[in-house]
Amino acid sequence: MKTLKILILLITINLTAQQGGMWIPSQLEGAREKEMKSLGSNLSAAAIYAIDKPSIKDAIVHFNGGCTAEVISKKGLLLTNHHCGYGAIQSHSTTEHDYLEDGFWAYKQKQELENKGMFVTFIKRIDDVTVQILTGASENNSDKENQDIISQNIKTAIKNVKKEAWQDANVKAFYKGNQYFLFVTEKYKDIRLVGAPPSSIGKFGADTDNWMWPRHSGDFSLFRIYADKNNRPAEYSKDNKPYKPVHYLPVSVDGVAEEDFTLVYGFPGRTNEYLPSVALNQIVYKLNPVKIDIRDKALKIVDKHMRSDNEIKIKYASKFASIANYWKKWIGENQGIEKSKAIQKKQELENAFAEKVKGSTNESLLNDFNKLYKEVEEASLAREIWIETVYRNVELLNATFRMYQLELSAAKGKEAFNKQKESTLKRYKGFYKNYSAKVDQEVFETLVSNYFKVNPKKYTPKEILNTNVSELTKEIYNNSSFISYDAISKLLEGDMKTVLEKINTDKAYQFGKELAASFYNVINADFNAIQPKIAVVQKKYMKALMDHFPEERFFPDANSTLRVTYGQVKGYEPKDAVYYRPVSNLKGIIEKYVPGDYEFDVSEKLLDLYKSKDFGDYAKDGKMPVNFLGTNHTTGGNSGSPVIDKNGNLIGLNFDRVWEGTMSDYNYDPEICRNIMVDVRYILFIIDKYAGTKRLIKEMDLVHGKK
Ligand code: ARG
Ligand code: GLU
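Residues numbered from 1 in each chain as written. Chains lettered and ligands numbered in written order. Predicted model: local features only at pLDDT ≥ 70, side-chain atom pairs only at ≥ 80, totals over all residues. Heavy atoms only, no water.

Moving on, we get to the pattern of salt bridges. All told, the structure shown has 35 salt bridges when counted by the stated rule. Note that Glu-311 is salt-bridged to Lys-315, the shortest N-O span being 3.6 Å. Here Glu-311 and its partner Lys-315 are both found in helix H11 (residues 310-339), four residues apart, which amounts to about one turn of the helix. We classify Glu-311 as exposed; its relative accessible area is 52%. In this structure, Lys-329 engages Asp-665 in a salt bridge whose closest nitrogen and oxygen atoms are separated by 2.5 Å. With Lys-329 in helix H11 and Asp-665 in the loop between strand S20 (650-657) and strand S21 (675-679), this pair connects stretches of sequence that are 336 residues apart. (Salt bridge = Lys/Arg side-chain N within 4 Å of Asp/Glu carboxyl O. Helix = DSSP H or I, 4+ residues; strand = E, 2+ residues; numbered from the N terminus. Buried < 20%, exposed > 50% of the residue type's maximum accessible area, 1.4 Å probe, protein only.)

The structure is reproduced here in structure tokens:
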């Protein structure tokens, strides 16, 4: 009996060993540390996060507020994804030197390129401030009173924290507001571009391969942090020096094998693992389908034009990629949720929960959820339809929305108006550079017709209810000033009064203004009235779950703060009888090669290196590894996160997840959720053999032989 019990215990430990979670770096001691060791790690909690001595956390930065990057040399060299550096690489490109197409390499430090507005943020310290922040909040207050008390406590905590003059602080809520942490941060603002492979390497496979395995992408780029003479943050100056880090990651050239321990350190953006079944049901069956359908319609039109017209292809490449990215993700997410029976599993948990809270004050929580989500459903739906139609896909309507914001600024007086006019014009300038009225006209007609079909009537302004869409389309794209930069900048000439009069005679603006006003005054107003009520129930539900199921594994949802996630290198079974191995090789790039194709072309140089097998020290048994899979629980924002081995060395670079597992934002399933990483040896091979930028290899700490 006793051995059986131990056996069962061992099996459960083994099963729970991989169940995901994005953990707070200052909270790893104990259970997390133990679990990591059981997966093969040699790292202590203090090696990963410490404040009294250097630790791995000192090599990790939030890159430009969205992605993650890591310091990989004593001279502040930064590694992140190609798709994270994309905007910067694009901004330095012209028709004469197209760095997106050809790549960019600074062979000397002097050639590294300034990036205006770019910044990276280090986390110096993480403090649990829960008690301080929740002081004064209580069940006896109204929700509004509690919110005010908490906001005030947060302000006070930030004001009183001990930090250096050049540091910042912020407070974030965890576990749905049941816990609060304070972060002391350091923001560096002189970040220069050091290197990027051509898109045929950095974005190999583009949208066809995006969110998919097997994958063969060299999705990396290199930057460098510069600091003032005291090694502190400073605005760009040619006198600034490469930053000397507290810690940087040594780079292992030993490679990975199935079951190796992996740790991913970074800034995951947003997950929602503790939604009630009613909310997940709404996402899967109500919200995702309309979002997917709107993007589907727009992408089909844009794709058709991109394929037949090279100029349109260039103008729309980046926009297409970003719309296609989440379109594809949502499709995978819905399929994954159905296949893993995530909604049913939540219902089972809720049934068990209902049993436990019978007769207590928490008895009403599930009903509260049901009521509130039903109440918010139409507003949520209208909101998503508005965002996808007006804001994201019909470009002309997005331009009218900016104009509406300009008109609103008139209420603050002439000066504010003129300032906003300047910035609006600047935006328009960039916007119309990549605009095709021909493409947009088709998208307008299709998506506006769709809007009248699917938008809840209650949220469609009655002033436009009887629109004849095909007539309106013709009229707008023949006569409106919103179809070119020249026309719209003329429309904005004159003083405030003149401009306001002129814009209001434009047919596109008249239509867009109704839509914009309905968003602010009706849709969002309704939506925002219900959200705080949902948040209050969600906070209580989270707490009750943790109280009643103490043996369960609860990790805080992602909220763009620094997290540690860990797992092992592992393949998966996407469907019956099919098994995906976890490592891809350069050979696979050659298999996918389609000469001249804009997703699967391969450069001469890479073909030559492949033929001559000139892989340097970076290959194993004549094979050049490219990407690999792991069980690390990641999400958007983990792009560019380092993959660290059991000894603290860099072995890879996170950049994506597999399609069947994109549901991990709502339901992490260890069977099928995998993150996708670039093997660091492929990165070294490209820097060294492909680009010949030896000076960068020399400044890194390459480690051979398992320590
Ligand atoms: N799916 C990756 C991540 O969000 C990569 C996106 C960039 N690549 C692309 N082909 N759009 O999310
Ligand atoms: N590509 C994503 C990003 O930009 C990371 C992949 C994911 O969502 O897991 O952050």
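Let's shift gears to the site of ligand 2. Around ligand 2 sit His-83, Trp-211, Thr-635, Gly-636, Gly-637, Asn-638, Ser-639, Phe-655, Asp-656 and Arg-657, and that is every residue in its neighbourhood. One nitrogen or oxygen atom from the main chain of Gly-637 is found 2.7 Å from an oxygen atom belonging to ligand 2. The separation between a nitrogen atom of ligand 2 and a polar main-chain atom of Phe-655 is 3.0 Å. In isolation ligand 2 offers 290 Å² of accessible surface; the protein chains occlude 88% of this area. At three residues, the largest contribution of residues to the shell around ligand 2 is made by S20. Classifying every residue of the shell around ligand 2 by side-chain character gives two nonpolar, six polar and two charged. (Near = heavy atom within 4 Å. Polar contact = N/O pair within 3.5 Å; in protein donor to acceptor, adjacent residues only side chain to side chain. Areas by Shrake-Rupley, 256 points an atom, 1.4 Å probe, with all protein chains shown as cover. Nonpolar A, V, L, I, M, F, W, Y, C, P; charged D, E, K, R; others polar.)

Moving on, we get to the environment of Ala-535. Within the secondary structure layout, Ala-535 lies in helix H20 (residues 507-548). By relative accessible area, which is 44% here, Ala-535 ends up partly exposed. Sequence separation between Ala-535 and Asp-207 is 328 residues, and the spatial gap between their C-alpha atoms is 36 Å.

Turning to the site of ligand 1, a few remarks are in order. Contacts to ligand 1 come from His-83, Lys-203, Ala-206, Asp-207, Asn-210, Trp-211, Ala-321, Asn-325, Phe-655 and Asp-656. Within the side chain of Asn-210, one N or O atom sits 2.7 Å away from a nitrogen atom of ligand 1. The separation between a nitrogen atom of ligand 1 and a polar side-chain atom of Asp-656 is 2.8 Å. Protein contact buries 87% of the 330 Å² of open area that ligand 1 shows by itself. Where the shell around ligand 1 is concerned, the elements lending two or more residues are helix H9 (206-209), H11 and S20. Its residues assigned to classes, the shell around ligand 1 shows four nonpolar, three polar and three charged.

Along the chain, Ser-639 turns up in the loop between strand S18 (625-630) and strand S19 (642-644). Residue classification places Ser-639 among the buried residues on the basis of a relative accessible area of 10%. There is a polar contact of 3.4 Å between the side chain of Ser-639 and the side chain of Asn-81. Each residue touching Ser-639, except ones within four places of it in the same chain, is listed here: Cys-67, Thr-68, Thr-80, Asn-81, His-83, Cys-84, Asn-654 and Phe-655. (Contact = heavy atoms within 4.5 Å.)

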